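Chains, contacts and geometry: an overview
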Amino acid sequence: MERIRLGVNIDHVATLRQARKALQPDPVWAAAAATLAGADGITVHLRSDRRHIQDRDVQLLRQTVNTHLNVELAADDEMVGLMIDIVPDAVCLVPENPNEITTEGGLDLQKAGDRVARAATQLKAAGISVTCFIEPDDKQVKLARKLGADSIEINTNAFSLARGDRIKKETARVAQAAKLAQKLGLDVHAGHGLDYFNLLPMIGIPQITELNIGHAIIARAVLVGLDKAVRDMKALLER
Ligand code: PXP
């Protein structure tokens, strides 16, 4: 079985920086650290409201990420135009609701079909691989294929929230969508809500080639890295 690629989503690093409108922590530094630790790619979500990742971040990441740069964004003309200038390796088209805390669900490709097809055509013409973030649903998988996506990213939010018997059911839904997608020639990614405790069933789905994980990794970094951060400050004070 091929190894699953890990895309590390570093949005939360930018969220912390924007909380103070400061220079640190810089997501560009975080991308370097994640890459040194073995990340196969860096993922950021350039939201229309620019609440965390900024245009400057994506521009600098394009110049510095030598693995795989994946940018999540809404399928609108302004964002697609920006990507055509920056040329990340991949764009993952996601639905965006200005009031949401995080992406709330997959794209409804029946409703958003025209916009997504136009975005996919423009992005692919610029040499950018196109992913559609969708629910594990056969209809959505088929539409993603029809609209010209290279890959799908299956929303694992429902799986991540599942407890007890529901875990098996949600795993089966993801597995079924993954199987169909691969049969249709789509590369299969997954992500949202995955963490160190719930991840295992996803690793068992052979069609999944990439997982994008953010919150759990940055949350753990705060705790496993806090020890060193305090020790470093104490060492400075004791000089
Ligand atoms: N994939 C997509 C499309 C997302 O919107 C997000 C959240 O930004 C993720 C993956 C990562 O989710 P999490 O931060 O819960 O790991």
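Residues numbered from 1 in each chain as written. Predicted model: local features only at pLDDT ≥ 70, side-chain atom pairs only at ≥ 80, totals over all residues. Heavy atoms only, no water.

**Focus: the site of the ligand**
Quick reminder of the rule: Any residue with a non-hydrogen atom lying within 4 Å of a molecule or strand is treated as near it. Counted as a polar contact is a pair of N or O atoms within 3.5 Å, where, for protein atoms, one must be capable of donating a hydrogen and the other of accepting one, and residues adjacent in sequence contribute only when both atoms are in side chains. The accessible surface values rely on the Shrake-Rupley method and a 1.4 Å probe; as for residues, cover is taken only from the protein chains in view. The way it works is a 1 Å grid over only the protein atoms, where trapped points that fit a 1.4 Å probe form a cavity and open points with protein on both sides within 12 Å along at least five of seven lines form a pocket, and then any residue with an atom within 4 Å of a point lines it. More than half of a molecule's atoms lying within 2 Å of a cavity's or pocket's grid points is what places that molecule inside it. In this classification, the charged set is Asp, Glu, Lys and Arg, the nonpolar set is Ala, Val, Leu, Ile, Met, Phe, Trp, Tyr, Cys and Pro, and all remaining amino acids, among them Gly, are polar.
Thr103, Glu153, Gly193, Gly214 and His215 are the nearest of the 14 residues found near the ligand. Side-chain polar atom of Glu153 to a nitrogen atom of the ligand: 2.5 Å apart, as the coordinates give it. Between the ligand and Gly193, the relevant distance is 2.8 Å, taken from an oxygen atom to a main-chain nitrogen or oxygen of the residue. Against a free-state accessible area of 400 Å², the protein chains account for coverage of 93% of the ligand. Taking a 2 Å distance to the grid points as the criterion, the majority of the atoms of the ligand fall inside the largest pocket. Looking at the shell around the ligand residue by residue, the class counts come to 3 nonpolar, 8 polar and 3 charged.

**A look at the packing of helix 4 (residues 77–86) against helix 5 (residues 113–125)**
In a pair of packed helices, the angle between the axes and the distance between the axes together describe the arrangement. Just so we agree on the cut-off: Note on geometry: axes are lines fitted to C-alpha atoms, helical ones only across the stretch in contact, with angles between N-to-C directions running from 0 to 180 degrees. Only DSSP runs of H or I covering at least 4 residues are called helices, and only runs of E covering at least 2 are called strands; the numbering of each starts at the N terminus. Here the word oblique covers every angle except those under 35 degrees (roughly parallel), over 145 (roughly antiparallel) and from 65 to 115 (roughly perpendicular). Whether two residues are in contact is decided by their heavy atoms, any of which lying within 4.5 Å being enough.
Running from N to C, helix 4 and helix 5 cross one another at 10°; their axes reach a closest spacing of 10 Å. Comparing the axis directions of helix 4 and helix 5 gives the class roughly parallel. Contacts between helix 4 and helix 5 pair Asp77, Val80, Met83 and Ile84 from the former with Arg118, Ala119, Gln122 and Leu123 from the latter. Grouping the amino acids of the contact of helix 4 with helix 5 by side-chain chemistry returns 5 nonpolar, 1 polar and 2 charged.

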